[in-house]
Amino acid sequence: MIEAAGMTICSGTTSRNTKRWRFGIGTRLGAAFVAIVGLAVGASLVGWFSYRELSGELSRIVEVQMPQLAFATRLSKAGADIGSVTAALTGAETRAEYDETRQVYAERLSALQALLEDSEQMESVQALLPLASAINENLALIDIAAGKRFTLAEAMRADLDELRWVQADLIEEADPLVDDIRFNVEAEIRNGRSTGALGEQQRSEALLTLVSQANLATGLLARLASSSTAEEVQEANAFLGDSADELAARLTMLEGWPDSLTVRQLARRILQQSDAATGTPNRKRFEMREAARLGHLAKENGKLVAELGQRIEAEVVAIEASAEEAARRAAAAIDLGRKLLAGIAVLAVVLALVIGIFYVHRSLLSRINQLAHAATAISEGNAAAAIPAGGDDELADLARALVLFRQTRDELVQSAKLAALGQMAAGIGHELNQPLAAIRAHIHSGSTHIARGKSEQALHNFEKIRALTARMASQISHIRRFARRPDSKLHPVDLAIVVREALSLLEHRFEDEGVTLQLDIPREAPAVMAEPVRLEQVVVNLVANALDAVAERREKVVTIAAARGKDGVTVHITDSGPGIDAAPPEAVFDPFFTTKPAGAGLGLGLSISYNIIKDFGGSIAVLKTGPAGTTFVISLKGAE
């Protein structure tokens, strides 16, 4: 059979030299391959055109849309950065905090202006530059207002720090004066001058009230400096005015007391800071005015930043819309290519399913499975296995070859048995010649006894002749049973009987070749699941090989031993031969493997024996081999 370019040319059964063309498996699969390849090429072309269109859109996105999107992202971030700093700028409490926030604000505003100036190709973005400049101008006004505010706040903090020292000095100066007044009051009372004691008492009250009002005024000035709303400032000024009036009244009462000069000077300093026209209240009024102006500027700045954010958002939305339109075109190209590829894929799947189900599965695989089952059955010795026929392709050729193989296998197995019988022919002749010679002698002796009238002795000779003929018939029946085709069904078999019948076929070789047989098979050995004829064939093959192995040895011993195993019975057949020259030893079970000289064997005995034991559900293996001999072990399932 020859295959070329998908066409199969085979030899016909009627004329082996006539070649003819046929639409075989190779041609059919080749046509299917061409069809699928055509679909693949079509899919590739569709993909190429789709990807070319997609590549153009992606190039436009990369060259135009991606830079614009990146610019939009930076622009949006710059606007958000400015917006996030605006509140912190106007809410700064100290000059250092303001300067730090102002630097960040200026840097971000500069970054925004630089970004806008770089976008020369986008006129709509260029329109944002005036708005950024307005924000920058507003920032300059915020700097002026914030500077004035922080200057006033710093002056008030300096005044408060001074007043606290003045307050401390006032208390320190007032304590000894209070002690002097207390001493003078006691002295006037001891001298009985109540009018003088009363005057000293009034001076003490004025001094203590002055100190308390000075402390109150200092606290109110601190509260006024820290006020943040107009209501708080108004309330603090009201309380401060009352306290200043009381402080001035107490100063007037102490004017004629020389010892209170220092106290009066310290109190006047506190009174000066409490003055609404020149002191801390006046500075707080200017600070609040600058804070209000700063709030107005911050509000204007917030409006400008909000407007900038809205216009930036509008630019970002426009850029995103342009990018989305480019992405939509790219998606449309992808969608078209996807649909075309999906259609080709569906067509390819349908074609593959049609080929796979209706041809490969129903025709090829089904027939291959039938041929595999038939081959398995044939290998297991089932000669009646059905082999699918029909068709005009390679599988039909394989089916015809399998039929021929089955016939050849059966003939080889039978030939192996007949070959074994042929090797035993000399022994069989010996077994038959001895009884025939004895029969002739007994017939001659019986005839003589009849002639002499010794009928009883003649009957005794006839009885011996009958026994000898029965022995010959049993021997011939055994040989015929061994030569016939075996039964395929397994049933319980007495192992001891099978071994004895196998040895009866080879008994003459043990006698003629001087081989010692050591038999160790218990009479009550358990039955095994087998077929007696095929099991006897295995024993004959192994024992015959053992006899061949010891033929040239000085010590000729063949041992057959059987023992109960875990799941059945094991049989060991050992010889004292030189061992098996094979690597590995398991190669002896391969068909046509033999170590005997050419013409001395077919090399099928052990292969057939291996398959027979496998059919029984057992195993056969070379247990050991070497210069001291070889041992084969057979494991058979028990019948229990």
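Going by the structure above, here's the rest.
Quick look at the structure, then. (Residues numbered from 1 in each chain as written. Predicted model: local features only at pLDDT ≥ 70, side-chain atom pairs only at ≥ 80, totals over all residues. Heavy atoms only, no water.)

What to know about the overall build of the chain
The line we're drawing: Comment: elements are numbered from the N terminus, with helices defined as DSSP H or I runs of at least four residues and strands as E runs of at least two. Each residue gets one of three labels from its accessible area relative to the maximum for its type: buried under 20%, exposed over 50%, partly exposed in between, using a 1.4 Å probe on protein chains only. Note on definitions: a residue-residue contact is assigned when non-hydrogen atoms from the two residues lie within 4.5 Å. A 1.4 Å probe and the Shrake-Rupley method give the accessible areas. Residues count as covered only by the protein chains that appear here.
Along the chain, the regular secondary structure elements total 14 helices and ten strands. Here the chain, with 640 residues, has 37% of them falling under the buried criterion. When contacts within the chain are restricted to residue pairs at least 6 apart in sequence, those whose partners lie at least 24 apart make up 71%. Carbon and sulfur atoms make up 58% of the accessible area of the chain, which amounts to about 35700 Å² in all.

What about the packing of helix H6 (residues 230-253) against helix H7 (residues 261-273)?
Short version of the rule: In this analysis, axes come from line fits to C-alpha atoms, helices being fitted only over the stretch in contact, and the angle between any two N-to-C directions falls in the range 0 to 180 degrees. Any angle between 65 and 115 degrees counts as roughly perpendicular, while under 35 counts as roughly parallel, over 145 as roughly antiparallel, and the rest as oblique. The sense of a crossing depends on the near helix, which, turned anticlockwise from the far helix by less than a right angle, makes the crossing left-handed and, turned clockwise, makes it right-handed. Charged residues are taken to be Asp, Glu, Lys and Arg, nonpolar residues to be Ala, Val, Leu, Ile, Met, Phe, Trp, Tyr, Cys and Pro, and polar residues to be all remaining types, Gly included.
One can describe the packing of H6 onto H7 by two numbers: an axis separation of 10 Å at closest approach and a directional angle of 155 degrees. By the angle between their directions, the pair H6 and H7 is classed as roughly antiparallel. Here H6 and H7 pass one another in a crossing that is left-handed. Here H6 contributes Ala244, Leu247, Ala248 and Leu251 to the contact with H7, which in turn contributes Arg264, Ala267, Arg268, Ile270 and Leu271. Per-class residue counts for the contact of H6 with H7 are seven nonpolar, no polar and two charged.

Regarding the packing of aromatic side chains
For the record, the criterion: Pairing of aromatic rings covers Phe, Tyr and the six-membered ring of Trp, with a centre-to-centre limit of 6.5 Å; geometry is then stacked below 30 degrees between planes, edge-to-face above 60, and tilted otherwise.
All chains considered together, the criterion is met by two aromatic pairs. Ring centres of Phe589 and Tyr610 lie 5.4 Å apart, and the angle between their planes is 45 degrees; this geometry places the pair in the tilted category. Taken as a pair, Phe589 in the loop between strand E8 (568-575) and helix H14 (605-615) and Tyr610 in helix H14 lie far apart in primary sequence, 21 residues in all. Where Phe589 meets Phe632, the ring centres are 6.2 Å apart and the plane angle is 90 degrees; that geometry is what we call edge-to-face. Here Phe589, found in the loop between E8 and H14, pairs with Phe632, found in strand E10 (residues 629-637); they are 43 residues apart in sequence, far enough to count as distant. Across this residue pair, the class does not change: Phe589 and Phe632 are buried. Each member of the aromatic cluster is reached from another via a ring pair, and the members are Phe589, Tyr610 and Phe632.

A word on H7
Basically, it comes down to this: Helix span, expected: 1.5 Å multiplied by one less than the number of residues in the helix.
Spanning 13 residues, H7 covers 19 Å between terminal C-alpha atoms, matching the ideal 18 Å at 1.5 Å per step. Buried residues of H7: Val263, Arg264, Leu266, Ala267, Ile270 and Gln273, and no others.

With respect to a negative patch on the surface
In plain terms, the rule: In this analysis, a patch consists of residues with relative accessible area above 30% that form no salt bridge, clustered at 9 Å for like charges and at 5 Å for the nonpolar side chains Val, Leu, Ile, Met, Phe, Trp and Tyr. When a carboxyl oxygen of Asp or Glu lies within 4 Å of a side-chain nitrogen of Lys or Arg, that pair is called a salt bridge. As used throughout, the charge tally considers Lys and Arg to be positive and Asp and Glu to be negative, leaving His and the chain termini uncounted. The atoms used to mark charge sites are NZ of Lys, CZ of Arg, CG of Asp and CD of Glu.
Side chains of Asp169, Glu172, Glu173 and Asp175 sit close together on the surface and give a patch of like negative charge. When you line up the elements, Glu172 lands in helix H4 (residues 129-190). Among the residues examined, Glu172 registers a relative accessible area of 55% and is labelled exposed.

Things to note about the pattern of salt bridges
Per the counting criterion, the structure on display carries eleven salt bridges. For the salt bridge of Glu162 with Arg269, the shortest nitrogen-to-oxygen distance reads 2.8 Å. Note that Glu162 is positioned in helix H4 and Arg269 in helix H7, a separation of 107 residues in sequence.

A look at a positive patch on the surface
A surface patch of positive charge is lined by Lys148, Arg285, Arg289 and Arg293. The dominant element in the positive patch, judged by the number of residues it contributes, is helix H8 (residues 280-379), at three residues. Secondary-structure assignment places Arg289 in helix H8.

Some words on the environment of Arg440
Structurally, the position occupied by Arg440 is in helix H10 (residues 425-451). Assessed through its relative accessible area of 56%, Arg440 is described here as exposed. Each C-alpha atom, one on Arg440 and one on Ile465, is 8.8 Å from the other, the two residues being 25 residues apart in sequence.

Comments concerning the side chain of Glu287
Where we set the bar: Polar contacts, as counted here, are pairs of nitrogen or oxygen atoms within 3.5 Å of one another; within protein the pair requires one atom able to donate a hydrogen and one able to accept it, and residues that are adjacent in sequence qualify only if both atoms are side-chain atoms.
Counting through the fold element by element, Glu287 comes out in helix H8. One polar contact links Glu287 to Lys284, side chain to side chain, over a distance of 3.1 Å. When residues no more than four places from it in sequence are discounted, the contact partners of Glu287 are Arg149, Leu152, Ala153 and Met156.

Looking at the sheet that holds strand E5 (residues 516-520)
To keep things clear, this is the line we draw: In this analysis, strands are considered paired if DSSP registers two or more bridges between them.
Pairing within the open sheet is mixed, and its five strands lie in the order E5-E7-E8-E10-E9. Each edge of the sheet is formed by a strand with only one pairing partner; in this case those strands are E5 and strand E9 (619-626). Direction aside, neighbouring strands of the sheet carry axes that sit 15 degrees apart on average. Of the strands in this sheet, strand E7 (557-564), E8, E9 and E10 are in contact with helix H13 (residues 532-549), which crosses E10 at around 170 degrees. This element, H14, spans E9 and E10 of the sheet and lies at about 25 degrees to E10.

Some details on the side chain of Gln167
With respect to the secondary-structure elements, Gln167 resides in helix H4. With relative accessibility at 18%, the residue Gln167 sits in the buried group. Of the polar contacts made by the side chain of Gln167, one reaches the side chain of Asn215; its length is 2.6 Å.

Let's talk about helix H12 (residues 495-513)
Quick reminder of the rule: Here the bend at a residue is taken as the angle between two axes, fitted respectively to the seven residues that end there and the seven that start there.
Between its first and last C-alpha atoms H12 spans 26 Å; for 19 residues at 1.5 Å apiece the expected length is 27 Å, and the two agree. When the local axis directions of H12 are compared, the greatest deviation, roughly 55 degrees, occurs at Leu505. One side-chain oxygen of the residue at the start of H12 lies 3.1 Å from the amide nitrogen of Ala496, identifying that residue as Asp494. Looking at the residues trailing H12, positive phi occurs at Gly514, about 65 degrees.

Considering the packing of H4 against H7
H7 packs onto H4 with a crossing angle of 150 degrees between their chain directions and a minimal axis gap of 9 Å. Taken together, H4 and H7 sit at an angle that is classed as roughly antiparallel. Classified by chirality, the crossing of H7 by H4 is left-handed. Residues Asp159, Glu162, Leu163, Val166, Asp169, Leu170, Glu173, Ala174 and Leu177 of H4 touch H7, and the partners they reach there are Thr262, Val263, Leu266, Arg269, Ile270 and Gln273. A per-class count over the contact of H4 with H7 returns eight nonpolar, two polar and five charged.

Digging into the pairing of E7
Pairing between E5 and E7: five bridges, direction parallel. By the bridge assignment for E7, Leu519 is matched with Ile560. Sheet topology places E7 next to E8; seven bridges connect them, and they run antiparallel. Pairing of Ala561 across the sheet is with His572, part of E8. As consecutive antiparallel partners, E7 and E8 are separated by three residues.

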